[in-house]
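Descriptive analysis of the structure
Spelled out from the first residue to the last, the chains are:
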Amino acid sequence: MKHPVTPEISNLDNVVADQWTNLMLAAKDRHHPWHTPTLANVGDGIAQVRTVVLRSADAESRVVSCHTDSRSPKIAQLEADPNFSWHFYDRDAKVQLRAYGRAWVQQNDALTHERWLAGAWRSAQCYRTPIAPGADCQVEDLDVDEPLDPATGEEHFAVLACEINEIDWLFLRVEGHRRARFSWSGTAWQGQWIAP
Ligand SMILES: Cc1cc2nc3c(=O)[nH]c(=O)nc-3n(C[C@H](O)[C@H](O)[C@H](O)COP(=O)(O)O)c2cc1C
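Okay, so let's go over this structure. Computed from a predicted structure; not experimentally measured. (Residues numbered from 1 in each chain as written. Predicted model: local features only at pLDDT ≥ 70, side-chain atom pairs only at ≥ 80, totals over all residues. Heavy atoms only, no water.)

As for the packing of aromatic side chains
Counted by the stated rule, this structure contains nine aromatic pairs. Measuring from ring centre to ring centre gives 5.5 Å for Trp 34 and Phe 88, while their planes differ by 45°; the resulting arrangement is tilted. One end of the pair, Trp 34, is in the loop between α1 (12-28) and β1 (38-43); the other, Phe 88, is in strand β5 (residues 83-90), with 54 residues separating them in the sequence. Overall, Trp 34 belongs to the buried group, its relative accessible area being 2%. For the pair Tyr 127 and Phe 157, a centre-to-centre distance of 5.3 Å together with 85° between the ring planes defines the contact as edge-to-face. In this pair, Tyr 127 is assigned in helix α4 (residues 124-128) and Phe 157 in strand β7 (residues 157-171), connecting sequence segments 30 residues apart. (Phe/Tyr/Trp six-rings, centres within 6.5 Å; stacked < 30°, edge-to-face > 60°. Helix = DSSP H or I, 4+ residues; strand = E, 2+ residues; numbered from the N terminus. Buried < 20%, exposed > 50% of the residue type's maximum accessible area, 1.4 Å probe, protein only.)

Here it is in structure tokens:
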């Protein structure tokens, strides 16, 4: 016998709206399982994956973002191919969300300055090191005991933003899994149930 479909997962418009609500909550709540997604792209001919902190999500503009060092390899890779993918997993909610879009980098502008002052400066130590992320170094170079100074480091601070145009939602549940694909039509999300 088939179990009844619960309202939250029977209506595609509600499903996609819920995902954006969750993304916005996740950006604000460091304990949310979606606060540290895996960000992926193709660079140097291979899938590049890394954990980042989700810093913003906006349902209206469909833009999600993280902070990064402008010297990190992902930035050079983005110049060659701006297609980036985000992977979110909530073990308790049993939901995997994959979001796809085109990314760009913002640096030395009003947004990055605002984000820097709003708290990114606390990671100043990461941004002010003279050694670029991924560069070879000596182990001694990695111990920094100077105090954090909000006045330095901002020159390497960047926001990696991504406009999402495609979403793949997967909800695993014993009564029957649910999966849907959402594509941005230009004016609205077009949802389609797909086989899990
Ligand atoms: C919990 C956690 C959070 C991280 N957050 C970020 C982040 O917000 N931005 C970032 O650029 N790197 C972050 N990193 C480091 C990346 O995973 C990665 O090592 C770094 O960005 C270099 O990646 P790339 O060589 O692909 O550019 C984080 C790592 C961990 C473990």
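Here we look at the layout of surface pockets
In this structure, the second largest pocket spans a volume of roughly 240 Å³. In this structure, the second largest pocket is lined by 14 residues; those nearest its centre are His 67, Thr 68, Asp 69, Cys 126 and Tyr 127. Those elements that provide at least two residues to the lining of the second largest pocket are β4 (63-69) and α4. In terms of residue count, β4 provides more of the lining of the second largest pocket than any other element does, four residues in total. (1 Å grid on protein atoms, 1.4 Å probe; cavity = no way out; pocket = protein on both sides within 12 Å on 5 of 7 lines; lining within 4 Å. Points joined across faces, edges and corners; volume = space filled by probe spheres on them.)

Comments concerning unusual backbone geometry
When glycine is set aside, most residues are seen to have a negative phi, and most peptide bonds are trans. Phi at Arg 62 is positive, roughly 65°, even though this residue is not glycine. According to the relative accessible area criterion, Arg 62 is buried, its value standing at 8%. A positive phi angle, close to 60°, is found at Lys 94, a residue other than glycine. Of the residues examined, Lys 94 reaches a relative accessible area of 43% and is grouped as partly exposed.

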